[in-house]
Structure formats: C-alpha cells, structure tokens
Amino acid sequence: MQNKYLPEGNLIKTPENREYISSEQGLERAAAQGRILEAVALRCDSDMRLFVDLYGMRGIIEKSEAAYCRPGESVKDIAVISRVGKPVCFKVLGFDYDAHGIFARLSRRDAQRECAENYLADLIPGDIIGATVTHLENFGAFVDIGCGIASLLSVDCISVSRISHPRDRLTPGMPIRCAVRSVDRESGRIFVTMRELLGTWAENAANFEIGHTVAGIVRSIESYGIFIELAPNLAGLAELREENLRCPEPGEYAAVYIKNILPERMKIKLVLIDSHAESAPLSPPRYFVGENVTHIDHWLYSPPYCKKVVETVFE
C-alpha cells in the first residue's frame, strides 16, 4: 500500500520540508495547503508545551495538540516529554504573538488524525507496511506506523526463532517492514507482525548444507541441547558434548557443524564447535517478501510434507 504518512523522522531532511519550515511565508503556504511537516522539538516547558525549531521562528505545540487521542482519553505528560530532542510531525494552525514576539501554532494531533483517518483506517490484516522501532519492552517492541502513531509488535511476532527480548533483534530507530496482524476497529489499535516477512523454513534452510560449519547465535540452553539461531526464522539444536571447553551464554556467537537437515521434521541437527564470549551485533532484517508486495493473505512456514503446521492466516 502506497503510504505518504511515514513514521516521524522521514520528512525532516527532505528539501520540500526544509523549504516550508525555513520562512514565515513557507509556513503560511503549509497552513493554507494543510501540509504535514516535521521539525525537532527542542524543549518542553512546565505547561507541557513543546517548542519546535522552525529556523528562526518559534513553533509551539500545546499539550492538547501534542497527540491524537481516542474519545475520552487525554494526552499524557510522558507522551509530550518523550518527544524532546526528536522530530515531530505537525500541521500549522496559524500564528500568534506573545511577549517574545510572533510564533507559529502547531498541531501534532491534527497530523496524526489525518494519518489515522486517511491511511490507518483503511489497513486490513495482511497489509505490509513500513515502520520505525521507537522503544522496547520485555513483551515486545512499539513501532511508529505513521506520524508517530504507535503499534505493538509482540515478541512472539518478531521471528520464528525464539528470542528472550526484542533487543536481540531490534533497536530503537531501526526502520523495519511488518504486516498488519489485527485491527481493533472499536479502539483503533493496530497490531503488527514481522516473522511472516522473514522467510519460510525451506527458504531459510536452503542457505545451509550438511557438512558445512557455519556461524550462529546462541539463543537458549536446555537440558537436552543448545538452540542456535542460524537465521531469524531458523534455529537448530546443538548436542551437549562433554568435551566442550566452556558453556556458551545466550547472545554469543557460536561455530556449529551441520550434522543433518530434516525437512519433514523441520529440524537441523548441529554440533557445537566453539563459542565466543562476545555478543553478536545486530544486523538489518533480511526480508523474503519483495518491496513491490503490499499484501499477503496466508503464510505457511512449514514445508508442505511436514506433519507440524506453522502458519498465519490473515483475516
């Protein structure tokens, strides 16, 4: 789906945005055209007003204009304070004067409302959209799906390979692609998922061969073996061997020998060769869905001849 309502931070460096916010005349044109612009919030005062850098002119976002809320809800202080030092989107409402001179009245709420009504309201499960990770919690990651509107990417939807915390895969500020998992029309909340874009078992396993020694990441240590992530959507089980020099820790790099690949059971048997007491760095996600694909109805992770079925039906 073509989306002009991008996560916050995507417009701020564009020539068009700079042209609008760099002069009073540009801001007047933006107000007349109903343009959504971006600038950095420099500070928040005791009245929870955001002061925005408009290249010489002050821009002020009142607390009530700082976020689009559902009926009956009000803007929380943390929603305002957390924007300081970051790009914020807004519409220009007009101009006013105070003891310090002229300033532009801005509304982030109006920008978000337009995004919600003209873009997010049309999303359905299975739509593939862009997002930006904003912050991480034990249970998942919150992502900006347009104009600062948040969506939850729960930890079990980040990948098929099990992870202990979203930080194992994501970092704040990281741009990602995700699919709409569900939409709560009553509350307006949208939940997203990412694992369906990271390839099936067969697509990931095709990159590995029996007899090869490859690098992986230790994800969990069980009494019966060590789970090694070979790719975000693929893990294998390494045997526990007495001759191992040291017990690895989750998050460490490991060298593993591929002993067997069993598609009918979705299993890869590994032998741990060595591990390194250094955490593996994050790498950008590798997507198996092309940039031109904007919707999926069904995703089957497991091979067709496997008795265990892992799938997602978007409905």
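In this report, the structure presented in the accompanying data block is examined.

**As for the packing of aromatic side chains**
The full count for this structure, using the stated rule, is 4 aromatic pairs. For the ring pair tyrosine 5 and tyrosine 119, a centre distance of 6.4 Å and an interplane angle of 25 degrees mean the geometry is stacked. A residue pair is termed long-range when its members are at least 10 positions apart, and tyrosine 5 in the segment before α1 (15-21) and tyrosine 119 in the loop between α4 (108-118) and β6 (128-137) qualify at 114 residues. Note on tryptophan 299 and tyrosine 301: the rings are 5.5 Å apart at their centroids and 45 degrees apart in plane angle, and the pair reads as tilted. Exposure class is identical for tryptophan 299 and tyrosine 301. Each is buried. For the cation-ring pair, arginine 177 lies above tyrosine 287, with the distance from its terminal atom to the ring centre recorded as 5.7 Å.

**Brief notes about unusual backbone geometry**
Residues other than glycine predominantly adopt negative phi, and peptide bonds predominantly adopt the trans conformation. Unlike most non-glycine residues, methionine 48 shows phi in positive territory, near 65 degrees. Of note, methionine 48 is situated in the loop between β1 (37-44) and β2 (50-54). Of note, the phi angle at tyrosine 55 is positive, near 55 degrees, even though the residue is not glycine. Assignment of secondary structure puts tyrosine 55 in the loop between β2 and β3 (57-61).

**So, a positive patch on the surface**
On the surface, Arg265, Lys267, Lys269 and Lys308 cluster together into a positively charged patch. We classify lysine 308 as exposed; its relative accessible area is 57%.

How each quantity is defined
- Residues numbered from 1 in each chain as written.
- Predicted model: local features only at pLDDT ≥ 70, side-chain atom pairs only at ≥ 80, totals over all residues.
- Heavy atoms only, no water.
- Phe/Tyr/Trp six-rings, centres within 6.5 Å; stacked < 30°, edge-to-face > 60°.
- Helix = DSSP H or I, 4+ residues; strand = E, 2+ residues; numbered from the N terminus.
- Buried < 20%, exposed > 50% of the residue type's maximum accessible area, 1.4 Å probe, protein only.
- Lys NZ or Arg CZ within 6 Å of the ring centre and 35° of its normal.
- Patch = residues over 30% accessible without salt bridge, like charges linked within 9 Å, V, L, I, M, F, W, Y side chains within 5 Å.
- Areas by Shrake-Rupley, 256 points an atom, 1.4 Å probe, with all protein chains shown as cover.
- Salt bridge = Lys/Arg side-chain N within 4 Å of Asp/Glu carboxyl O.
- Lys, Arg positive; Asp, Glu negative; His and termini not counted.
- Charge placed at Lys NZ, Arg CZ, Asp CG, Glu CD.

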